[in-house]
Each structure stands twice: as C-alpha cells, then as structure tokens.
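# Notes for the structure review
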Amino acid sequence: MGVLIFLFVIICIIAFQTIKVVRQSEVYIIERLGRFHKVADAGLTIIVPFIDKVRSVVSLKQQTMDIPPQGVITSDNVTITIDTVVFYKITDPAKAVYEIQSLKKGIEYLAITTIRDIVGKMELDETFSSRDQINDKLRVILDEATDAWGCKIDRVEIKDITPPADIRDAMEKQMNAERNKRALILEAEGERQSAITLAEGRKQAAILDAEADRESKIRRATGEADAIKQVAEAKAREIQMVYAAIKNSNPDEKLVQIKSLETLKEVAKGDANKIFIPFEATSALGSLGAIKDVMNNNDNNK
C-alpha cells in the first residue's frame, strides 16, 4: 500500500513537471539542458521532466512603465523636473529574455538619458510648447534602441514638466501681464470698432439728410417752375382774350386816345413831380378841348 502511494506521488510530480498550461497573452521560454529550446504559446504544452525547464514567463500584453521624475537642465540653464511614462510591447520573447539582463531597467535608463539629451538642447519656453515633438523623438529613439531586445515602443508621454518655484512665479506674472495686455487690446479694439461704427452711422445720416434736402429743393424748384409756367400760361391766355376782345370791338382812334388819358391819370398818381406827356396825348387833349367847345356852343344856342 505504501509503495502504491509512493508511485502515485512520483507520477503526480512527473505529470506536474511534464504538463504545462500556458495562459492567453503569455508565452513560456523553454530551455533544454540549459539552452534555449522553444517558445510555448497559449494552450497545453508537454515538456520532458528534469531535462526541459521553463526559463521565463513572458507577457505579450502592452505594458506601461513609469519613468521616475528626472531633473533636466535646459539650454538656458533652468533645472526642470520631467515625469514620463512609456508604453511598450514584447514582440520577440526570446530576445527579451536573452538579449538583455533586465528589459525594464534597460528601457528606463535609455529613456532617462534620451530625455536629458533632447530637453537639454531646448529652452524652457520651448519645452512647454513642444511636448508632442519631445514625445515623438523619445518614441523613435527608444523604438530603434529596443528593437534588438525584441521590444516595440508604442508611445511615450510626458505627464508633467515642473519648473522651479521662482520660475513658476515669474511665469505666472508673465501670464497675468499677457492676459491684461490682451484684455486692453481687445477693449481698445472694441472702442475703435464702436467709434468707427458711430462715425459710419453719422456719415450715412448726413448723406441721407443731404439727399433728402436736395430732393426737397428739387421738388420745390420744380413746383415753383410749374407754378410760374401756369401763371405765364394764364397771363398769355388773358392777353390773348383781351387782344381778341379789342380786335372784335373794332375801336376807333378816339377811344384809344381816351384809354391813353385814363392810363396817364393812373401814372400821375405816383410820387414823381414831373410827368412827360407824349405828343399823341397832347393831340388827344386838343381834340377833347374842341369837342368841349362844340358842346358848349350847342348848349348856348338852345
């Protein structure tokens, strides 16, 4: 009975050493007698006990690694602290195990030296405005360096850039000054635009007033001209009617002379001291005197 139990235990140990179950997104690095034998993918794997050995379990998932914050001196001699994270994935498990002692340490040291080299060539203001450029350079350099280790660098992100306290105070003051400057510029631009708008409004109003005045004068002048024309036409018609009436009445010379004297009477009512009587008027007066004498003689004879 004890022998059977012993054999059962031996069989269980051998089975445990022989049968390996590899989980999804992982691989086993199998060594045989101390040398690399194969890479066991996900699923059931059979190995030779006491000859084959699982050297390492390698994850094929994308992994992240925080790079400790590093103090970096910029080209304008300002010490800043940069916090970085690296996203990577193992593409060749055998290289990741056999080509470098510690893949994570290698990526960390390489990232630190690369960050110092890139940022050390830049000024402080440029580091804040060129994060994407720094990330791309870091990714390219790390990807090329880690390719020999069976590793692919997917992304490198700078989480934070921290300048010294005095530099932060100076930057905050500068930012406040810039904001105040922009506010003043916007206010001045608003006032300028408002003044331009008001001036344009006054200009348009003056133009409209001038157009209205011009139109009013034109209409008034047109009305006056039409009135004068109508008066002239009425006078002309009146003259024509008078002329026609005189012509139709067939006046004799004495009637004309009497009308002349009536006109002379109206003229004599003026303020002038002297009146020049035409020769024709004197003839008419003589005729009137002769007529008066004849009429008086006729009365005496009666």
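In what follows, the accompanying structure is described.

With that out of the way, let us pick up the layout of surface pockets. The volume enclosed by the largest pocket comes to roughly 230 Å³. In terms of lining residues, the largest pocket is bounded by 13 residues, among which S56, V58, A96, V97 and L103 are the most central. When residues of the lining of the largest pocket are traced back to their parent elements, those giving at least two are β5 (52–59) and α2 (93–98). Counting residues per element, the lining of the largest pocket draws most heavily on β5, at 5 residues.

The topology assignment puts T146 in helix α5 (residues 131–146). Exposure remark for T146: the relative accessible area of 0% places this residue in the buried category. A polar contact of 2.7 Å, which involves the side chain of T146, links it to the backbone oxygen of L142. In this structure, T146 is in contact with I107, L110, C151 and I153, ignoring residues within four places of it in sequence.

As a further point, take the side chain of S130. Along the chain, S130 falls in the loop between α4 (124–129) and α5. Here the side chain of S130 touches E126 through a polar contact of 2.9 Å, landing on its backbone oxygen.

Bringing helix α3 (residues 103–119) into the picture now. Along its 17 residues, α3 runs 24 Å from first to last C-alpha, staying within 8% of the 24 Å computed at 1.5 Å per residue. Turning to α3, its buried residues are L103, G106, I107, E108, A111, I112, T114, I115, I118 and V119.

Quick look at unusual backbone geometry now. Glycine aside, negative phi is the norm for most residues, and most peptide bonds take the trans geometry. Of note in this structure, S25 is not a glycine but carries a positive phi near 70 degrees. Take S25: it is sitting in the loop between β1 (19–22) and β2 (26–32). Given a relative accessible area of 27%, S25 falls into the partly exposed group. Positive phi, normally seen in glycine, also occurs at F50, with a value near 65 degrees. Within the secondary structure, F50 sits in the loop between β4 (43–46) and β5. Taking the relative accessible area as the measure of exposure, F50 reaches 69% and is therefore exposed.

Conventions used here
Residues numbered from 1 in each chain as written. Predicted model: local features only at pLDDT ≥ 70, side-chain atom pairs only at ≥ 80, totals over all residues. Heavy atoms only, no water. 1 Å grid on protein atoms, 1.4 Å probe; cavity = no way out; pocket = protein on both sides within 12 Å on 5 of 7 lines; lining within 4 Å. Points joined across faces, edges and corners; volume = space filled by probe spheres on them. Helix = DSSP H or I, 4+ residues; strand = E, 2+ residues; numbered from the N terminus. Buried < 20%, exposed > 50% of the residue type's maximum accessible area, 1.4 Å probe, protein only. Polar contact = N/O pair within 3.5 Å; in protein donor to acceptor, adjacent residues only side chain to side chain. Contact = heavy atoms within 4.5 Å. Expected span 1.5 Å × (residues − 1).

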